[in-house]
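This is what each chain is made of:
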Amino acid sequence: MEGAFSILRMRQMLETKRQSSQIEIKISKNGHKVPLLKGIHLHSIYDPIKEAEALIHRFDESIKEKKYFLILGLGFGYHIKALINKLHTMGDSDFKIIVIEPNKSLVDCFQDNFPAIENVTIFQAEQVSEIYAQRKVVDFLCHLPLVLAHPASLNLHDHYFKSFLSFSSDNSVGSVLSHMSKNETYQALQRIENSDFDIANIASSPSKLELGRSYFLLKAIDAMASMCREV
Amino acid sequence: MKNILIINLRKLGDVFTTGHLITSLKAKYPSAKIHFLVYKESENAAALLADIFQVVAIDRKKMATLGSKKIFNKAFSIETLLDTFSVLPETFDLVINHSNDLVATLLTAYFSENSTDWAGIRFNSKDIVEYSGNWSVAYNDLSSEFANSYFNYVDLIHKIVGIPPSRQRSRLKDSQSHTKAWDGVLNKIRSENLSTSELKFIGISPFSSSDSKDIPLGCLEELFSQIYDDLNLFPILIIAPSAKERMAAEELNKRLGNGLVTVEADFLATTSILQQINFLVTCDSSIKHLADLNKVPLLEINYGVTSFSKQGPSSKNSLILCFNSNQALSQSQDIYASMKFSLDAIPHEHLHLGNGALFRTTCDSLGTKYEHVTGLLKIEQQVRYEMGRAIAFGLCNNVDIPRPHIAFCTGLEEILRTQANSFQFILKSILHLLRELPELETKNKRCETFISELSALFTNLSEDNLFSIPLIIWRTQLSLLSDNLFDNRKLFEKSIFELKNNCLKVDNFLRSIANNLDQQQEADLGRKYLSVL
């Protein structure tokens, strides 16, 4: 197992190096750094700041009503800074931003070239499911954030972001267990791990009695979800 | 009792009514830690109840989002709810379901499994609702089946838990800064007042969550003017921090020549205000219940949207003024007269109302009761209420039905005759059921007859039919047996006999009332005869 793990790590390192060698940093006409990836400039090569401001300006009305923002695509963060400037001019400092970026090298490159930005957390994962497995992302998404896409990143990682936006979680007992900490309900679900049913249909499962009191907890969770569906 | 869990996942007003139960539990078990489980939107309201050890709030919005969006793995819903519960102890000595909604009933099943005792309703492993006793049936089925209830919800939850209601004022958290500020304002008003006697402050909270429950602006304008004319009274408008109420207050202020004293208060500030006013007029259930916990004398304005027999104030001598709708005429005069009556400025015999009917909270050996004071009332309805209340008390407590004093009135004989017919019908159905029961397994046709006989029994459930009370109690027993009627045949038979006994009890009770009426009538005739002589 140790050997296999090392090979996996080596592969990842090589992949990162390969990706990073693909990133080229150009300087825009007005002197700002612009990443070039697979032949695509991720920001305007003339004025990345003005371009970012124009992008954010399109969402002025929606931005006013939100405190949580999900940004698809990091680039070199000009659009993120434009959003923060906009929020500050609105007198808002109590906001949270999460950025989703599939390219690890770009994240590293960004962090090497720019200081950390306030209230901004960057999540990077090659698989979309890895993003949705993170509790912090899930808690954040529960606030129904405003989703802002960085157009150049979206073009570059079209398939990735489409998968991100249309993601559907696997709710088999095994998958649920893999996302849980080891508590009483975890142990109860383990007892029915091999039964082949979706946890959303727990009430019709013949194994429900094996769940003990956790059965009522799961049903209560489902009832709360139904309230939302009914609304 | 070390740890008690109360679950109430209802709205603000209902959460406040739990305050009565908390006060009573604390009086009986002073060292018990009371944990209060509510939804997040009621968290601040629940936190005002000072005798609580901790408020635990479920973020319903988050739970609904996590559970309904396909992007989230169900594990996160489970983890989020378990995180919320992580501050609660492993076991409880008592789990109380104070809201009969689905989620609360499932969570009662969850928590009670590891606990010593429970009260209210919960699910069993067959997904059937279990009742902790007959009072639980009265709370969850009897009072929800009909528009009116024989016992108010505060009484019912005490009867379910089996403790007497504490008549003490509930301990509520308040804000010292608000109290101090209010003291200053009221002292200033007092010093500027021309009255020679002590000035009484009348808090008026005329807006609620629904327009159909609000006191109309025209009526308020008249009411405030009437109170201003009385040198011994001073009105204060109490509003919640909302744009709707703020706008209405501004309009009223304009109509009253900008002299209105208005307080915009959240619940914490409202608690401070309630402690300093002499009387409250309100149509809003949250502030009504808050005042009721504080034992502030109050007048509830009820436009028929909610039933005061279920959710009326519990404090003795509170008043409820009922109108058919908030478009009724002469409301302000009726409100003013009722208020003056409560402040003892009008004797009972001089109290005359236009369109309203006034009720007063009283208490007898059966519990809280809403007594008719004056105004329009269907006498048959009141008589039926008195009889139903006694029947529900007797059957829920498994004691003889106590006999209320029922004076002879028009229509009473008709009520008793209708009940006697109902009894005959039910008795016949019971006998049919008993006859069909042994044949059930073998003959399908018998099965159909049995089921149609059973459903016929429940077609006549109504507030007018007093035999609905034993029938509804029986229906809950039936639901527990219904998952396997053949295996539970013996228990089923036993339950039918119990129903028969309960119906006989009700019939005897009604017969005794009829006999008593005959005696009353004879005595009346005798008196008339003697007076003629």
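Here the structure is a predicted model, which is why all the values come from computation and not from measurement.

1. A short note on the overall build of chain B
Part 1: A tally of regular secondary structure across chain B gives 19 helices and 15 strands.
Part 2: Relative to its length of 533 residues, chain B is compact, with a C-alpha radius of gyration of 26 Å against a globular reference of 24 Å.
Part 3: Each of the three principal axes of chain B carries a C-alpha extent, and together these read 90 × 85 × 40 Å.
Part 4: Across the 533 residues that make up chain B, the buried fraction comes to 55%.
Part 5: Of all intrachain contacts in chain B linking residues separated by at least 6 positions in sequence, the fraction that spans at least 24 positions is 63%.

2. What about helix H12 (residues 285–293) of chain B?
Residue and element names in this part refer to chain B.
Part 1: Of all nine residues in H12, eight are buried, a share of seventy percent or more.
Part 2: Listed as buried for H12 are Ser-286, Ile-287, Lys-288, His-289, Leu-290, Ala-291, Asp-292 and Leu-293.
Part 3: Two to three positions downstream of the cap, the backbone nitrogen of Ser-286 sits 3.4 Å from a side-chain oxygen, assigning the N-cap of H12 to Asp-284.
Part 4: Phi turns positive one or two residues past the end of H12, at Lys-295, with a value near 60 degrees.

3. With respect to the interface of chain B and chain A
Part 1: Taken together, the contact between chain B and chain A spans 39 residues of the former and 44 residues of the latter.
Part 2: Approximately 3,600 Å² of surface area, both sides summed, lies buried where chain B meets chain A, with 67% of it carried by carbon and sulfur atoms.
Part 3: Here chain B is connected to chain A by four salt bridges.
Part 4: Between Asp-127 of chain B and Lys-219 of chain A there is a salt bridge, with the nearest N and O atoms lying 3.6 Å from each other.
Part 5: At the boundary of chain B and chain A, one finds 13 residue pairs in polar contact (both at pLDDT 80 or more).
Part 6: Elements that contribute at least two residues to the side of chain B that touches chain A include exactly helix H3 (60–68), helix H4 (74–85) and helix H5 (102–112) of chain B.
Part 7: Counting residues per element, the side of chain B that touches chain A draws most heavily on H4 of chain B, which supplies 11 residues.

4. Description of the packing of aromatic side chains
Part 1: A full pass over the atoms with the stated rule returns 27 aromatic pairs over all chains.
Part 2: Taken together, a centroid distance of 5.6 Å and an interplanar angle of 65 degrees make the contact between Tyr-68 of chain A and Phe-140 of chain A edge-to-face. Pair noted here: Tyr-68 of chain A is in strand S4 (residues 68–72) and Phe-140 of chain A is in helix H7 (residues 135–141), with a separation of 72 residues, a long-range link.
Part 3: With a centroid separation of 5.8 Å and 20 degrees between ring planes, the pair formed by Phe-458 of chain B and Trp-474 of chain B is classed as stacked. A residue pair is termed long-range when its members are at least 10 positions apart, and Phe-458 of chain B in helix H17 (residues 444–459) and Trp-474 of chain B in helix H18 (residues 468–481) qualify at 16 residues. A single burial state applies to Phe-458 of chain B and to Trp-474 of chain B, both of which are buried.

5. Quick word on the pairing of strand S12 (residues 298–302) of chain B
Residue and element names in this part refer to chain B.
Part 1: The buried fraction of S12 amounts to five of the five residues, a majority that puts the element mostly inside the structure.
Part 2: Judged by which residues are buried, S12 turns out to be covered on both faces: Leu-298, Glu-300 and Asn-302 on one side and Leu-299 and Ile-301 on the other are all buried.
Part 3: Pairing geometry for strand S11 (residues 279–282) and S12, over three bridges, is parallel. The residue bridging Val-281 from the neighbouring strand is Leu-299, located in S12.
Part 4: For the segment spanning S11, H12 and S12, crossover handedness is right-handed.
Part 5: Bridge count between S12 and strand S13 (residues 319–322): four bridges; the pairing is parallel. Within the sheet, the bridge partner assigned to Glu-300 lies in S13 and is Ile-320.

6. A look at the domain arrangement of chain B
All names here are of chain B.
Part 1: One can read the domain layout of chain B as domain 1 (3–161), domain 2 (176–377) and domain 3 (412–532).
Part 2: With centres defined by C-alpha atoms, the gap from domain 1 to domain 2 works out at 31 Å.
Part 3: Contacts between the two partners involve 22 residues from domain 1, matched on the other side by 20 residues from domain 2.
Part 4: Buried area between domain 1 and domain 2, summed over both chains or domains, comes out near 1,600 Å², and the portion from carbon and sulfur atoms is 58%.
Part 5: Looking only at domain 1, the three residues that lose the most surface to domain 2 are Phe-16, His-20 and Asn-152, adding up to 33% of its buried area.

7. Focus: the packing of helix H15 (residues 379–397) of chain B against H18 of chain B
Residues and elements named next belong to chain B.
Part 1: Two elements in contact, H15 and H18, have axes separated by 9 Å at closest approach and are oriented at 35 degrees. Taken as a pair, H15 and H18 cross one another with a handedness that is right-handed. Two secondary-structure elements touch here, H15 through Gly-388, Ile-391, Ala-392, Leu-395 and Cys-396 and H18 through Ile-469, Pro-470 and Ile-473.
Part 2: A per-class count over the contact of H15 with H18 returns seven nonpolar, one polar and no charged.

8. A short note on the environment of Asn-326 of chain B
Residues and elements named next belong to chain B.
Part 1: Relative to the elements of secondary structure, Asn-326 occurs in the loop between S13 and helix H14 (331–342).
Part 2: Separated by 22 residues in the primary sequence, Asn-326 and Gly-304 place their C-alpha atoms 9.0 Å from one another.
Part 3: Discounting residues that sit within four places of it in the chain, Asn-326 has contacts with Asp-211, Ser-212, Lys-213, Asp-214, Pro-216, Tyr-303 and Gln-331.
Part 4: Of the polar contacts made by the side chain of Asn-326, one reaches the backbone oxygen of Asp-214; its length is 2.9 Å.
Part 5: In terms of polar contacts, Asn-326 uses its side chain to reach the side chain of Gln-327, at 3.2 Å.

9. Points about the nonpolar core
Part 1: Counting residues in each nonpolar core, the largest one holds 111 residues, and the members touching the most others are Ile-96, Met-387 and Trp-474 of chain B.
Part 2: Not counting residues up to four positions away in its chain, the partners in contact with Met-387 of chain B are Ile-406, Leu-412, Ile-415, Leu-416, Leu-466, Phe-509, Leu-510 and Ile-513 of chain B.
Part 3: By size, the runner-up hydrophobic cluster in this structure holds 43 residues, among which are Leu-189, Ile-202, Leu-218 and Met-224 of chain A.

10. So, the pattern of salt bridges
All names here are of chain B.
Part 1: Tallying each qualifying case throughout the model produces 32 salt bridges over all chains.
Part 2: When the shortest N-O distance is used, the salt bridge between Asp-214 and Lys-244 registers 2.9 Å. In this pair, Asp-214 is assigned in the loop between strand S8 (200–205) and helix H9 (217–229) and Lys-244 in helix H10 (residues 243–255), connecting sequence segments 30 residues apart.
Part 3: Looking at Lys-244, the relative accessible area reads 36%, which means it is partly exposed.

11. Quick word on the confidence of the model for chain A
Part 1: Chain-level pLDDT for chain A is 87 on average; 87% of the residues reach the 70-or-more range.
Part 2: When mean pLDDT is compared element by element in chain A, S4 of chain A scores highest at 97, while helix H1 (residues 2–22) of chain A scores lowest at 60.

12. Describing the sheet that holds S13 of chain B
Residues and elements named next belong to chain B.
Part 1: Strand order in this open sheet of eight strands is S10-S9-S8-S11-S12-S13-S14-S15, and the pairing throughout is mixed. Two strands close off the open sheet at either side, each with one partner strand: strand S10 (262–264) and strand S15 (367–375). Each strand of the sheet is rotated relative to its neighbour by a mean of 25 degrees, with strand direction disregarded.
Part 2: The sheet strands contacting H9 are S8 and strand S9 (233–239), and the helix crosses S9 at an angle near 145 degrees.
Part 3: Against the sheet, H14 touches S8, S9, S11, S12, S13, strand S14 (357–364) and S15, its axis set at about 165 degrees to S13.

13. Section: the side chain of Gln-419 of chain B
Part 1: Its place among the elements puts Gln-419 of chain B in helix H16 (residues 412–436).
Part 2: Setting aside anything within four residues of it in sequence, one finds Gln-419 of chain B in contact with Asp-464, Asn-465, Leu-466, Phe-467 and Leu-510 of chain B.

Cut-offs applied
- Residues numbered from 1 in each chain as written.
- Chains lettered and ligands numbered in written order.
- Predicted model: local features only at pLDDT ≥ 70, side-chain atom pairs only at ≥ 80, totals over all residues.
- Heavy atoms only, no water.
- Helix = DSSP H or I, 4+ residues; strand = E, 2+ residues; numbered from the N terminus.
- Rg over C-alpha atoms; globule rule 2.2 N^0.38 Å.
- Buried < 20%, exposed > 50% of the residue type's maximum accessible area, 1.4 Å probe, protein only.
- Contact = heavy atoms within 4.5 Å.
- Polar contact = N/O pair within 3.5 Å; in protein donor to acceptor, adjacent residues only side chain to side chain.
- Buried area = accessible area lost by both parts, 1.4 Å probe.
- Salt bridge = Lys/Arg side-chain N within 4 Å of Asp/Glu carboxyl O.
- Phe/Tyr/Trp six-rings, centres within 6.5 Å; stacked < 30°, edge-to-face > 60°.
- Pairing = 2+ DSSP bridges.
- Right-handed = clockwise from strand over helix to strand, strands pointing away.
- Domains from an automatic or database assignment.
- Axes fitted to C-alpha atoms, helices over the stretch in contact; angles between N-to-C directions.
- Left-handed = near helix turned anticlockwise from the far one by under 90°.
- Nonpolar A, V, L, I, M, F, W, Y, C, P; charged D, E, K, R; others polar.
- Core = buried A, V, L, I, M, F, W, Y, C linked by side-chain atoms within 4.5 Å.
- pLDDT = per-residue confidence, 0-100.

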